[in-house]
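Each chain, letter by letter, is given below.
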Amino acid sequence: MVVATNLGFPYVGAKRELKKSVEAYWAGKISEAELTTAYKKIQETHWKLQKEEGLEHIPSGEFTLNDRVLDTAQQFGVIPQRYQHIKDPLQQFFAMGRGIQKAATETTEKVDVPAQEMKKWFDTNYHFVVPEFEPTQEFTLQNPRALEQYNTAKALGIQTRPVLVGPVSFLHLGKAAKGFDEFDTISLLPKLLPVYIELLNQLQAAGAEWVQIDEPSLIFDLSENVKAAFEEAYKTIKASTSIKVLVAAYFGRVESNINGLIPHVDAVHLDLVRAPQELDAVLPLLNSTQVLSLGLVDGRNIWINNLSKSIELAQKAVAALGSERVFIAPSCSLAHSPFSTVFEKKIAEKNPELFSWLSFSVEKVKEIVTIASAINKGADSVKEALAANAAAVESRRTSRQTTNPEVRDRASKIPAEAWKRPDHFNVRREAQVKKLNLPLFPTTTIGSFPQTKEIRVARQKFNKGELSPADYDAFIKNEMKQMVEFQEKLDLDVLVHGEPERNDMVEHFGHLLYGYDFTENGWVVSYGSRCVKPPVIFGDVSRRGPMTIDETVYAQSLTKKPMKGMLTGPVTMMKWSFVRDDLPLNEICAQIGLALRDEVVDLETAGIPCIQVDEPAIREGLPIRRADWDAYLEWSVGCFRLSTAGVRNETQIHTHMCYSDFNDIFDAIAAMDADVITIENSKSDEKLLKIFETKGYPNEIGPGLYDIHSPRVPSVEEMKTRFADMLKYIPKQLLWANPDCGLKTRAWPETEAALVNMIEVAKYFRAQY
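Here goes a summary of the coordinates provided. (Residues numbered from 1 in each chain as written. Predicted model: local features only at pLDDT ≥ 70, side-chain atom pairs only at ≥ 80, totals over all residues. Heavy atoms only, no water.)

Looking at where E117 falls in the secondary structure, it is placed in the loop between β4 (111-113) and β5 (118-120). For E117, a relative accessible area of 5% translates into the label buried. One polar contact links E117 to K175, side chain to side chain, over a distance of 2.6 Å. (Helix = DSSP H or I, 4+ residues; strand = E, 2+ residues; numbered from the N terminus. Buried < 20%, exposed > 50% of the residue type's maximum accessible area, 1.4 Å probe, protein only. Polar contact = N/O pair within 3.5 Å; in protein donor to acceptor, adjacent residues only side chain to side chain.)

So, in structure tokens, the structure goes:
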């Protein structure tokens, strides 16, 4: 009998209960004991739900209060020195994940430490906390989450499969701790493995039969020493414990990376959504007892599974291995998918056809169980589910909702000159300097200002019909007026309207475009407690009409300083949505690029001198394998230029990118040809800046001067040091001063304090030059 299983579940809860509890704890509204009660209730609900739906292998240990990689670091004693004085484990954990800043009291010393660096988790929009290792790192087992959660589930009468971040991926995704020279973190594997084995033996002693060890680094282009590390790790584990080990890789193809470890594990999981060809490649490598876990249901998107095709693929594996050696699973953890479509009442009522195409985490569990039942009991045992699925698949394939002939025609006839600006940056810069008359080291922000409770309440009332359009418009204009006055008081140089009308940088524009729809509860975690609700791209995309003209023109009317128009770029609009999977990504992106081009031209016509088109997702969208990079970069960079190339030389085009390794795609970033690029650099030391000097980045740049993802306010002296470092690598006439991202998630007091310090630093350095 094949086994229906899962790799992970949305730990934030059905209605973001975990987010609310964690943030209440941060605010001092609930105690640690109350937080523990809250998250255990969520865990119990999730385990029982999966058991009741019919899963046989239910994951545990993947539940986190912030980030699984951060959990792994703390439970193995990988605590950077700057956090070791924080003795309370939970306070230390959150300090590592988000920073902490507390004034001294009569009984306690001042605490002021920034968060660890975050990076995108492979090519998702989730951010993980990067572990920091010292060359002489020692590892100790400290309150392992996997053991705690396994025992909690067992006490409830639920047998689970503990989930761990694998030892090789943990090391491979880490970096040298601050203050230490770069070194090969994989060299620490011999020290780390005994601690992993200790944990595995504890799990087995507690009653666990299987353990799932996630090794997503298997999908990278790996050096020979990392491939050898995988073999060494699992050979050592196999010799030291008898617990059954399932190694899970996902988000791409493993190719030959998996060959060395296969003889030493009991089961392997493959992402057959991203790499269906790997089934044929891996089947011959398995011995007569090993199990293959088939990732058949897309864990990263929200579309129904084509059950007949999945059953066909599963039957192929069963024919080769026998049913006892096959698991049916999602492609990856369902933490990347919303909770359940049961909450989507509006789509179900207004667009039942679209609703029939949707599948969230709970529904994906049902799909997994249906596939397993069809294999184990025959298709007739689930014939009603299969019939409904086949009808929905055919409906989506033939629906008129998905295709707009006019949009397709325009996208097929884009002229060559539309893909780039006609003049070189040096020519454009001369015109922009003359028009804008900015000082040396101009200051700006990335776009958004704090979304206060008052703004959120007003938006909710407007959406419920409790606030008239005229009253809501007046409210928003008053907020913008206050934000412009705030910026003028601080003496920022290039202003923004503050985005009080926007709930999300992607969803807001989705409402103004054809081809998008929106969920009520389609939340997924972006980082820490921060959740996003991506819109759904289900059809061809075009602009309904002007999207930002009124608010931007109004904001410009309030000041003589230049105002930036603020847009979200085509790659990010696509990447941060639940994107349709029935059309090539480059075609979807070009459609969005054309819609944005119309808006950019309209902003310029309306007299807006600077236009920012954010592309934080362009690096994130880079394919995992280098062999696939060139094709992606050609169309993604091209679509950005398509959206921005319709303006005159004197119009200054900005873009923003965050939390990415830029070294690999530096030439592509330069090819975007934005007049000004702002980047996340506040938690990356000087490593990002070095490439801009080495490669000689030609345009203007604003590396993030401070981290907005933490409530901590850096001092003037700290910012001066960082800005001086920037000047080592970037010519003074090209350097801007700005935060590293939008300020939407911050409170006003910390926002003002940090910006005051930032502007003081810019003025200080102007005086030096």
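Below, the discussion takes up the sheet that holds strand β10 (residues 210-214). Spatial strand order, β1-β14-β13-β12-β11-β10-β8-β2: eight strands in an open sheet with parallel pairing. This sheet does not close on itself; its edge strands, each paired only once, are β1 (3-4) and β2 (58-60). Strand direction decides the pairing type here: strand β12 (residues 267-271) and strand β13 (residues 291-297), joined by five bridges, are parallel. When the sheet's bridge partners are listed, A267 is paired in β13 with V291. In the packing of helix α10 (residues 307-321) onto the sheet, contacts are made with β13 and β14 (326-330), and the angle to β13 comes to roughly 175 degrees. (Pairing = 2+ DSSP bridges. Contact = heavy atoms within 4.5 Å. Axes fitted to C-alpha atoms, helices over the stretch in contact; angles between N-to-C directions.)

At a minimum axis separation of 10 Å, helix α1 (residues 17-26) and helix α2 (residues 32-53) run at an interaxial angle of 175 degrees. Taken together, α1 and α2 sit at an angle that is classed as roughly antiparallel. Judged by residue contacts, E17, L18, S21, V22 and Y25 of α1 engage E32, L35, A38, Y39 and I42 from α2. (Parallel < 35°, antiparallel > 145°, perpendicular 65-115°, else oblique.)

Moving on: the environment of K48. Along the polypeptide, K48 turns up in helix α2. Note: C-alpha distance between K48 and I158 (110 residues apart in sequence) is 7.6 Å. At a separation of 2.7 Å, a polar atom in the side chain of K48 contacts the side chain of E44.

So, about helix α27 (residues 748-768). A rise of 1.5 Å per residue sets the reference length of α27, with its 21 residues, at 30 Å; its end C-alpha atoms lie 30 Å apart and thus fit the reference within 8%. Of the positions making up α27, those classed as buried are E750, T751, A754, L755, N757, M758, I759, V761, A762 and F765. (Expected span 1.5 Å × (residues − 1).)

Moving on: the packing of aromatic side chains. Under the defined criterion, the tally for this structure stands at 26 aromatic pairs. Ring geometry for F441 versus F723: centroids 5.2 Å apart, planes at 90 degrees, classification edge-to-face. Here the residue F441 occupies a position in the loop between α16 (425-436) and α17 (453-463), and F723 occupies one in helix α26 (residues 716-729), the gap between them amounting to 282 residues. Judged by its relative accessible area of 0%, F441 is buried. Overall, the relative accessible area of 0% leaves F723 in the buried class. Among the aromatic residues, those joined into a ring-pair cluster are W121, F122, F128, F220, Y250 and F251. Between R98 and the ring centre of W26, over which it is positioned, the NZ or CZ distance is 3.7 Å. Seen from the ring of F251, R300 lies directly overhead, with NZ or CZ sitting 4.9 Å from the centre. (Phe/Tyr/Trp six-rings, centres within 6.5 Å; stacked < 30°, edge-to-face > 60°. Lys NZ or Arg CZ within 6 Å of the ring centre and 35° of its normal.)

Let's shift gears to the sheet that holds strand β20 (residues 610-614). Hydrogen bonding along the main chain pairs the strands of a sheet, whether they run parallel or antiparallel. If you trace the five strands from one edge of the open sheet to the other, you get β19-β20-β21-β22-β23, paired in parallel fashion. Each having just a single partner strand, β19 (564-568) and β23 (700-703) make up the two edges of the open sheet. Adjacent strand axes in the sheet meet at a mean angle of 20 degrees when their direction is disregarded. Where strand β21 (residues 652-657) and strand β22 (residues 676-679) come together, four bridges link them in parallel fashion. Note that in β22 the partner of M657 across the bridge is I679.

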